[in-house]
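Observations on the model geometry
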Amino acid sequence: MLFPFIKNNYLSIDVGFRNIKVVEVAVNRSNEVYIKNFGIASTPLNCIKNGVIKNVDAVSSEISRIIRENNMKVKKSKIVMSGTSIISRVFLVDKVSDQDLDAVVNSAIGKNMPINLEEHKIDYKVLQELKENGQDKLKIFVTAVRKNIINSYIDVLFELGLKPISVDIPANSTAKFFNRDIKVNIDNVKFVNPNKGLNKDAFAVIDFGSETTIINILRNRILEFNKVILTGSSNMDEAISTAAKKSIMDAERLKKMYGISMPPAFDGSEEHIKVYKTLKDMVDKLINQIYMCLTFYEARCYGVKVGKIFIIGGGSLLKGLSDYMEQALQIPVYPVGLLDIDGIDINRNLNSEKLNFLVNAVGITL
Ligand SMILES: Nc1ncnc2c1ncn2[C@@H]1O[C@H](COP(=O)(O)OP(=O)(O)OP(=O)(O)O)[C@@H](O)[C@H]1O
Ligand SMILES: [Mg+2]
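Presented here is a report on the structure given in the accompanying data block.

Reading guide: rules and limits
Residues numbered from 1 in each chain as written. Chains lettered and ligands numbered in written order. Predicted model: local features only at pLDDT ≥ 70, side-chain atom pairs only at ≥ 80, totals over all residues. Heavy atoms only, no water. Buried < 20%, exposed > 50% of the residue type's maximum accessible area, 1.4 Å probe, protein only. Helix = DSSP H or I, 4+ residues; strand = E, 2+ residues; numbered from the N terminus. Pairing = 2+ DSSP bridges. Core = buried A, V, L, I, M, F, W, Y, C linked by side-chain atoms within 4.5 Å. Domains from an automatic or database assignment. Contact = heavy atoms within 4.5 Å. Salt bridge = Lys/Arg side-chain N within 4 Å of Asp/Glu carboxyl O.

1. So, the pairing of strand 6 (residues 76-80)
- Strand 6 sits mainly inside the fold: four of its five residues count as buried.
- Where strand 1 (residues 7-15) meets strand 6, four bridges bridge the pair, whose relative direction is parallel. What sits directly across from Ser12, in strand 6, is Lys78.
- The pairing of strand 6 with strand 10 (residues 163-168) spans five bridges and is classified as parallel. When the sheet's bridge partners are listed, Ile79 is paired in strand 10 with Val167.

2. Notes on the nonpolar core
- Ile13, Val15, Val22, Ile63, Phe178, Ile309 and Met325 are the most contacted members of the largest nonpolar core, which totals 97 residues.
- When residues in this core are grouped by element, the largest group, 10 residues, is from helix 7 (residues 270-300).
- Looking at which domains feed residues into this core, each of domain 1 (87-147) and domain 2 (181-341) supplies at least three.
- Ignoring any residue separated from it by four or fewer positions in sequence, one finds Met325 in contact with Ile206, Phe208, Ile287, Ile290, Ile309, Ile311, Gln330 and Val333.
- Of all hydrophobic cores here, the second largest spans 12 residues; its members include Val105, Ile109, Ile115 and Ala144.

3. Digging into the pattern of salt bridges
- On inspection of all chains with the given rule, the structure shows 20 salt bridges.
- With a shortest N-O distance of 3.7 Å, Arg253 and Asp250 are connected by a salt bridge. You can see Arg253 and its partner Asp250 sitting in helix 6 (residues 248-258), three residues apart, about one turn around the helix.
- Overall, the relative accessible area of 31% leaves Asp250 in the partly exposed class.
- Residue Lys256 pairs with Glu252 through a salt bridge whose shortest N-O separation is 3.8 Å. Within this pair, Lys256 and its partner Glu252 are both found in helix 6, separated by four residues, close to a single helical turn.
- Looking at Lys256, the relative accessible area reads 56%, which means it is exposed.
- One salt-bridge network, in which partners are shared between bridges, spans Arg18, Glu252 and Lys256.

This is the structure:
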């Protein structure tokens, strides 16, 4: 690589339903990133609807405050969209010449995806060449995003006087972040049923956000599956609030305090028992949906059994979550904070525990 030391600085922005994350990073030519600085603040209420930023002013002024308070100076910026309204599919098409591929893929999209081609920006990539019944086929991964969603994010960058470089989807961002050597800290190595046919070249990355849970599957470091579930950590707050008759704020506090830790057998408080039951119920439902995605990927997307699961996003901090998921799915689960990821470095003066929140913002800079 020529001049691997030349660095590009970016301001990278992830507007989540709950939190806005702004990260200043330096990326060199070998795609190594250094997280120089970051800021996280609450997203102003009711600003995002179906993935579109409806209140560009409110979101921009909050981002502007984060930039000012953290003394960030970089103008080149990248932004990641909410996952809510992004559709992705994997399918096989006949192998054709490169110049005919667009037409073949478009016609396959018309048949397989419930979208209006005019209103969406379509991206696709060829994952693999394979044979089906002796016929040469291409395995294609397609994503479609409504153009009005993309435009609302670009509006935010312009409103801020930044220099827009790209708007990307969370799946790409996660894929780029995890597209590298990941060393699982030796203390955390797990030996869950090593003979169950888990594939070491495939892993899932699950983003537990506040309104969404996003499941990504990478195989040989390439994104092969993506699904957005419209349930997130804030739904747990609502459920606890109802079950334990608490305000949403108290419910969130209880969620963070207890997590899915089992109440002590004889003298668990009534409150702890209620929170545990509610959270267990919700987590079980989510894990069930995750399980269905893993099965769907294996059976219908020409996939394999994933060998590991990495968890990211604020909701991944739920106490006991990784152990609980591991037991339920019989796949090793690792919170990203515990990983040693090749080529990702964070300023020592910053709180590296927050990396859980920053994966999407960092990933789009790569
Ligand atoms: N220690 C914790 N235990 C459990 N949940 C937590 C903890 N810390 C944060 N959360 C939850 O994480 C969520 C916020 O995470 P995050 O910032 O990743 O969401 P977001 O990106 O704004 O949402 P989305 O991706 O759905 O748009 C909140 O629901 C919050 O309650
Ligand atoms: Mg998020």
